[in-house]
Amino acid sequence: MYKIVKKLQLSENVFRMDIEAPLIAAERKAGQFIILQVNTEYGERVPLTIADADPIAGTITIIFQTVGATTMKLAKLNEGDSLPALLGPLGKPTHVEKRGHVVCVGGGIGVAPMHPIAQAMKAAGNKVTIIMGARNKELLIMEEEMRKIADELIIVTDDGSYGRKGLVTEPLKELCESENNKPDEAIVIGPPIMMKFCALTTKPYNVPTVASLNTIMIDGTGMCGGCRITVGGETKFVCVDGPEFDAHQVDFDQMMKRLSAYKPQEERARDHVCRSGIHA
Amino acid sequence: MTPKEKMAIEPQAMPEQEPQVRRHNMGEVATGYTAKQAMLEASRCLQCKNAPCMQGCPVSINIPGFLGAAAEGDFGKAIAIIKENSLLPAVCGRVCPQEKQCQAQCTMGKVLKDVNKAVAIGRVERYCADLQRESGNQEPAAVKPSTGKRVAIIGSGPASITAAADIRREGHDVVMFEAFHKPGGVLVYGIPEFRLPKSIVQNEIDNLVKMGVKVETNFVVGRTRRVQDLMEKDGFDAVFIGSGAGLPKFMNIPGENLVGVFSANEYLTRANLMKAYDEEHSDTPYYHGKKVAVLGGGNVAMDSARMALRLGAEEVHIIYRRSEKEMPARAEEVHHAKEEGVIFHTLENAKQILGDDQYRVRAIECVRFELGEPDASGRRSPIEIPGSEFTLEMDTVIVAVGNGSNPLISQTTAGLEVNKRGNIVVDENNKTSIDGIYAGGDIVLGAATVILAMGEGRKAAKAMNEYLASK
């Protein structure tokens, strides 16, 4: 059993949990993820990126948004409750090296998985610029943590309620165009549509760009192939070949279609959870 | 009884759920012999001195011995004889391809010139195993005093279950590591409930636990811990790798990443392990296909097709590029699939999968084949007939063309030798290129059968017990 030792609500639908998982806390590297279940009899297996870990306390941190039945049930658990299943660390770690100037772009909940990557990039001696985006001020998460890492922090909101009004692609484009602040690498994590447009933004400037993907998967070890996507014309499994890929090569349109495969069932499940009062 | 009298006994048909009933439920298709049937069927055995059936059995069960006991109604003795060689008779009685193994060699079948009239060895085996399990008369195997030595078993499928039991018997501490949240491997995620009830697999795991085997789920060796960490840091004296062949092969045809195309592994895992069929309770969804094409002709293809029927498909088509004779599936599974209404297309293969504007499957383009000369596998090779393309409207495609070896362990274990297919290379004792590390089952053989995996687990365990004794 994996005990929840700390729970925080970061915004209306976003939660942070520190969970006891000593082996994963010791082994995990930036960019890796876990698969959890809230129930092993009928529960779904849900992949979530590891936002942070404390190998001494033996805990990992996850940050999640309540989007489906499982995350809604997860959000109802409290400190002291335990998860019956937590598998990891999965996926290949981020390739961390000194590139010079690295820009990290995190959109919405994507800021959480960006945190350990930005941390590792900074530790490797890079200048790190962080661009964080959210729909509005209330939905912005982990500003303090990111500010500690960033050489420069740029915040954008869709409605202008905090930071600059606009989309993350705007400051990203400006950086790419700048004479003496052009990034040597961009890392983008967020909704697929945001990652797609970030990739389109950096491509004309030949800024190498990495996207971290979160697709539908069951086992997370290469067995089911549900997570497959097309990268540079080849089929790849996000769980074992990724989760990070060259964003300029990823077929984001295909990935978005594949993510919607179970939309009708997911909507029904969400309704069911809401109606049964699990998510009060 | 004289041979003539034995030959006069009618081969006992397996009681089954009616096809039109069972295609709408998950209950077991074959409901099992009665005691009387089991005795009658067992008494058909001619007790041949040379026992050709035993040569057909990958683990050399004393078949005339157990059939002789069963014929007299001494099922306790019968199961004891089976268990001398096989740890999983309830499983093997159900899933072994008997018509290609023991029953293919049976003299009765040869005399009657019909392999289907051979003694139904598997069905009697199943009866004996079920009777023992259901009566609660099974004692877990005796365990010798503790040796203080520790063995890690990676995976919890048939090879691993067998190795764990045989190693634990010798008094070694055994920990079994499983990546999924439930142990059993392909027996729980792959083979459907209607062919192998999960309670039978759970019973085998429970027996291991009673013997003192520790089962660690949610532990993926290669990621949570590397094999070498298990030996160098965690104090394991030996490791058995029985991680299976979990890497689905695809056809590499256009349209394979469309929404509505699944590997059989994914389709079956959702339905079996994740219980997606139980929509009221399960959080894992399944794809509601109405017209389903399954590509392949093995047991996994049959399981997928029959699962699709049970999940509400209106039409299910098996598409296989050779003829029915070459199909690797058990004859009984093909027969059951046909009875349930699965439509068979042989000597046809998918060339591409076509999508609609929503990127969902709308059809497959197929091409016809004819059979040419035998190929490396000994089967007549299919040759494409140019210009024979045609289109079938479908909304779901399940790819069941086999599994490669999952590279997770070989990639993270320095010095572990694999062949060009990624299978772990072992010697005649199932020892790998690293001392103390053994491997068996599909990760060594490539995708094979439960009984072969079990045989490998047993062989490896014997060598590991000898290795540990000498250490």
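Residues numbered from 1 in each chain as written. Chains lettered and ligands numbered in written order. Predicted model: local features only at pLDDT ≥ 70, side-chain atom pairs only at ≥ 80, totals over all residues. Heavy atoms only, no water.

Novice: Any chance you could break down a nonpolar patch on the surface for me, citing the residues and the numbers?
Specialist: Taken together, the side chains of Ile193, Phe197 and Leu200 of chain A present a nonpolar region at the surface, about 280 Å² in accessible area. Here Leu200 of chain A is to be found in helix H6 (residues 192–202). (Patch = residues over 30% accessible without salt bridge, like charges linked within 9 Å, V, L, I, M, F, W, Y side chains within 5 Å. Areas by Shrake-Rupley, 256 points an atom, 1.4 Å probe, with all protein chains shown as cover. Salt bridge = Lys/Arg side-chain N within 4 Å of Asp/Glu carboxyl O. Helix = DSSP H or I, 4+ residues; strand = E, 2+ residues; numbered from the N terminus.)

Novice: So what's going on with the sheet that holds strand E6 (residues 82–83) of chain A? Residues and values would help.
Specialist: All names here are of chain A. The strand order across the open sheet formed by seven strands is E6-E1-E2-E5-E4-E3-E7, and the pairing between neighbours is antiparallel. Of all the strands in the sheet, the pair left with one neighbour each is E6 and strand E7 (85–90). Note: strand E4 (residues 46–54) against strand E5 (residues 59–65), four bridges, orientation antiparallel. Following the sheet pairing, Ile50 is matched in E5 by Ile62. In this fold helix H3 (residues 111–123) packs onto E4 and E5, with an angle of close to 45 degrees to the strand it touches most, E4. (Pairing = 2+ DSSP bridges. Contact = heavy atoms within 4.5 Å. Axes fitted to C-alpha atoms, helices over the stretch in contact; angles between N-to-C directions.)

Novice: How would you sum up the environment of His281 of chain B? Please name residues and give values.
Specialist: Residue and element names in this part refer to chain B. As for its position among the elements, His281 is in the loop between helix H15 (264–271) and strand E7 (291–295). Looking at His281, the relative accessible area reads 46%, which means it is partly exposed. Spatially, the C-alpha atoms of His281 and Lys351 are 38 Å apart, while their sequence positions differ by 70 residues. A distance of 3.0 Å separates polar atoms of two side chains, one belonging to His281 and the other to Asp278. (Buried < 20%, exposed > 50% of the residue type's maximum accessible area, 1.4 Å probe, protein only. Polar contact = N/O pair within 3.5 Å; in protein donor to acceptor, adjacent residues only side chain to side chain.)

Novice: Hey, could you go over the pattern of salt bridges for me, with residue numbers and the actual values?
Specialist: In total, this model carries 50 salt bridges over all chains according to the counting rule given. Notably, a salt bridge pairs Arg225 of chain B with Glu27 of chain A, separated by 3.4 Å at the nearest N-O pair. In this pair, Arg225 of chain B is assigned in the loop between strand E3 (214–216) and helix H14 (227–232) and Glu27 of chain A in helix H1 (residues 22–27), connecting two distinct chains. In this structure, Arg225 of chain B and Glu27 of chain A share a single accessibility class: buried. Between Glu170 of chain B and Lys144 of chain B there is a salt bridge, with the nearest N and O atoms lying 3.2 Å from each other. Of this pair, Glu170 of chain B sits in the loop between helix H11 (158–169) and strand E2 (173–177) while Lys144 of chain B sits in the loop between helix H10 (121–134) and strand E1 (150–154), and the two are 26 residues apart along the sequence. According to the relative accessible area criterion, Glu170 of chain B is partly exposed, its value standing at 30%. The partly exposed category is assigned to Lys144 of chain B, whose relative accessible area is 44%. Each of the salt bridges in this network shares a partner with another, and the network as a whole consists of Arg22, Arg123, Arg195, Asp303, Arg306, Arg310, Arg330, Glu332, Glu333, Glu339 and Glu340 of chain B.

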